[in-house]
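# Notes for the structure review
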Amino acid sequence: MTVRIGMIGPGGMGQAHIERIHTVIAGGRVVAVSDIDPGRAQGVAARIGGTAYATSQELIESPDVDAVMICSFGPAHEVDVLACIAAGKPVFCEKPLTPTAAAALRIMDAEQAHGTRLVTVGFMRRFDASYREMKALLDSGELGETLMVHCAHRNPTVPQGYTWDMAINDTAIHEVDAMRWLLGEEFISARVDTPKKTTLRFPHLQDPLVLILTSASGVRVDDEIFVNCQYGYDIRCEAVAERGTVSLSDHEVTSVRRAWAVTKKVARDHNDRFGGAFVTEVQEWISAVARGEHTGSTAWDGYAAACVCDAGVRALTEDGEVAVKMIERPAFYA
Ligand code: ISE
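Bear in mind the structure is a predicted one, so any value in this text is a computation, not a measurement.

Taken together, Lys-95, His-153, Asn-155, Tyr-162, Asp-170, Thr-171, His-174, Tyr-233 and His-270 form the complete shell of residues around the ligand. In the environment of the ligand, an oxygen atom lies 2.6 Å from a nitrogen or oxygen atom belonging to the side chain of His-153. Residue His-174 places a side-chain N or O atom 2.8 Å away from an oxygen atom belonging to the ligand. Computed on the free molecule, the ligand has an accessible area of 300 Å², of which 83% lies beneath the protein chains in the complex.

So, about helix α1 (residues 12-23). If you check α1, its first and last C-alpha atoms are 17 Å apart, about what twelve residues at 1.5 Å a residue would give, namely 16 Å. Among the residues of α1, those classed as buried are Met-13, Gly-14, Ala-16, His-17, Ile-18, Arg-20 and Ile-21. Structurally, α1 contributes buried residues whose contacts are with β1 (3-8), β2 (28-34), α2 (38-48), β4 (67-70), β5 (91-94) and α8 (270-291).

Going through the model one piece at a time under the given rule, you end up with one cavity of 30 Å³ or more. If you go around the largest cavity, the residues you meet are Pro-96, Thr-98, Pro-99, Asn-169, Ile-173, Ala-306 and Cys-309. Looking at the lining of the largest cavity residue by residue, the classes come out as five nonpolar, two polar and no charged. Each of two domains, domain 1 (3-125 + 276-299) and domain 2 (126-267 + 305-333), supplies a minimum of three residues to the lining of the largest cavity.

Time to look at the layout of surface pockets. Its boundaries defined by the atoms lining it, the largest pocket holds a volume of some 1,300 Å³. Those elements that place two or more of their residues in the lining of the largest pocket are α1, α4 (77-87), α7 (166-183) and α8. No other element matches the five residues that α7 contributes to the lining of the largest pocket. Tallied by class, the residues present in the lining of the largest pocket amount to 18 nonpolar, 20 polar and nine charged.

Tyr-131 and Met-179 are the most contacted members of the largest nonpolar core, which totals 84 residues. Among the elements that line this core, the one with the most residues is helix α9 (residues 299-317), at 13 residues. In terms of domain composition, this core takes at least three residues from each of domain 1 (3-125 + 276-299) and domain 2 (126-267 + 305-333). If near-sequence neighbours (up to four positions away) are discounted, Met-179 is found in contact with Tyr-131, Val-149, Cys-151, Gly-184, Phe-187, Val-221 and Cys-237.

Another point: the domain arrangement of the protein chain. Structurally, the protein chain comprises domain 1 (3-125 + 276-299) and domain 2 (126-267 + 305-333). Listed by partner, the interface residues are 24 residues for domain 1 and 23 residues for domain 2. A combined buried area of about 2,100 Å² lies between domain 1 and domain 2, and 61% of that area is made up of carbon and sulfur atoms. Counting the surface domain 1 buries against domain 2, the share from its top three residues, Lys-95, Phe-123 and Arg-125, is 40%. Counting across the domain 1 and domain 2 interface gives three salt bridges. With a closest N to O distance of 3.2 Å, Asp-170 and Lys-95 form a salt bridge. Across the domain 1-domain 2 interface, the total number found is eleven residue pairs in polar contact (both at pLDDT 80 or more). Broken down by secondary-structure element, the contributors of at least two residues to the side of domain 1 that touches domain 2 are α5 (101-114) and α8. Take the side of domain 1 that touches domain 2: its biggest share by element is five residues, from α5. Among the residues forming the side of domain 1 that touches domain 2, the class breakdown is nine nonpolar, nine polar and six charged.

What follows deals with the packing of α4 against α5. Where α4 meets α5, the axes come as close as 10 Å, and the angle between the chain directions of the two elements is 5 degrees. When the interaxial angle is binned, α4 and α5 end up roughly parallel. Taken together, the residues of α5 that come into contact with α4 (itself represented by Glu-78, Val-81, Leu-82 and Ile-85) are Ala-103, Arg-106, Ile-107, Ala-110, Glu-111 and His-114. In terms of residue class, the contact of α4 with α5 is built from six nonpolar, one polar and three charged.

For Arg-273, the position within the fold is in helix α8. In this structure Arg-273 comes out as buried when scored by relative accessible area, which is 8%. Those residues in contact with Arg-273 that sit more than four places away from it in its chain are Asp-128, Tyr-233, Ile-235, Leu-248, His-251 and Ala-267. A polar side-chain atom of Arg-273 sits 3.0 Å from a polar atom in the side chain of Asp-128.

Below, the discussion takes up the packing of aromatic side chains. All told, the structure shown has four aromatic pairs when counted by the stated rule. With 6.5 Å between their ring centres and 90 degrees between their planes, Tyr-233 and Phe-274 make a pair best called edge-to-face. Placement of the pair is Tyr-233 in the loop between β10 (220-226) and β11 (234-241) and Phe-274 in helix α8, with a sequence separation of 41 residues. For the residue pair Tyr-233 and Phe-274, the accessibility class agrees, reading buried in each case. The ring of Trp-181 has Lys-135 sitting right over it, with the charged end atom 5.5 Å from the ring centre. The ring of Phe-274 is capped by Arg-273, whose NZ or CZ atom sits 4.3 Å from the centre of that ring.

Rules used in this analysis
Residues numbered from 1 in each chain as written. Predicted model: local features only at pLDDT ≥ 70, side-chain atom pairs only at ≥ 80, totals over all residues. Heavy atoms only, no water. Near = heavy atom within 4 Å. Polar contact = N/O pair within 3.5 Å; in protein donor to acceptor, adjacent residues only side chain to side chain. Areas by Shrake-Rupley, 256 points an atom, 1.4 Å probe, with all protein chains shown as cover. Helix = DSSP H or I, 4+ residues; strand = E, 2+ residues; numbered from the N terminus. Expected span 1.5 Å × (residues − 1). Buried < 20%, exposed > 50% of the residue type's maximum accessible area, 1.4 Å probe, protein only. Contact = heavy atoms within 4.5 Å. 1 Å grid on protein atoms, 1.4 Å probe; cavity = no way out; pocket = protein on both sides within 12 Å on 5 of 7 lines; lining within 4 Å. Points joined across faces, edges and corners; volume = space filled by probe spheres on them. Nonpolar A, V, L, I, M, F, W, Y, C, P; charged D, E, K, R; others polar. Domains from an automatic or database assignment. Core = buried A, V, L, I, M, F, W, Y, C linked by side-chain atoms within 4.5 Å. Buried area = accessible area lost by both parts, 1.4 Å probe. Salt bridge = Lys/Arg side-chain N within 4 Å of Asp/Glu carboxyl O. Axes fitted to C-alpha atoms, helices over the stretch in contact; angles between N-to-C directions. Parallel < 35°, antiparallel > 145°, perpendicular 65-115°, else oblique. Phe/Tyr/Trp six-rings, centres within 6.5 Å; stacked < 30°, edge-to-face > 60°. Lys NZ or Arg CZ within 6 Å of the ring centre and 35° of its normal.

As structure tokens, then:
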């Protein structure tokens, strides 16, 4: 069976997914697109030999679409995810599921009323080979209890439209999800440290910043967010446990020795660094849809990440620790 996918919002991320689905991933084809810019939808549809729909609602309801990928802007996600649930179609929604926890709660309510899991959230780090190896080692217990994790998330630069809160709810949200998954527990509080700001980009941003999270069992996670670091896309993570540490590897493919120096490349962007993770993630989703199963992060993961980010955004404007407010995990998401 070929899963016929409708894509909402085929911008940069969406088109990178289409490329993967049509070249290296098996079992799926993007047959329909819609976009707030109808010209873009028509252009992408013509290129892939698919249909451009005037609205996302029409795409979701089309009998020619088996499953939906949402790659639009975060604030537009809720209405489309709810429409997919109403239509009973599996939906892969890029992060963030929703920009607020309240909106994610409405999605969980609708999905539970529907009765089966349909929503997968695009948290790709869970599919990265290096993160998976780290998790397997920590879960084995060989290093004892995990005590602290040091993370860094650096982007070469961000566009003008990147607002002050996005450092937390668009960038740090990746570590928030990856650390919930790595540690297997929730965070209870957030704090933000604000070091000296770079002069090399927009003054409206606090860049860099350090988000400090505390988990229910007391693990301390610090996450340096530096989105105008100029030199590359650099993701770091070191977990410190009782009997040792484990870190993500650097992701250069080659190193060059020349003129008495060794040079290695730094990734350019998330597609470069996490290309393999995106392929595994989308392949697993398409294969699960074909089997009629659910895989990947759930709406609960989208909700929990939004709750931690809400606290992180508040911590950016308030002094001290901010408590993370979260409902009890419903049995449906156990
Ligand atoms: C962007 O939306 C992403 O998801 C990237 O992975 C992240 O590095 C970047 O900071 C975000 O703006």
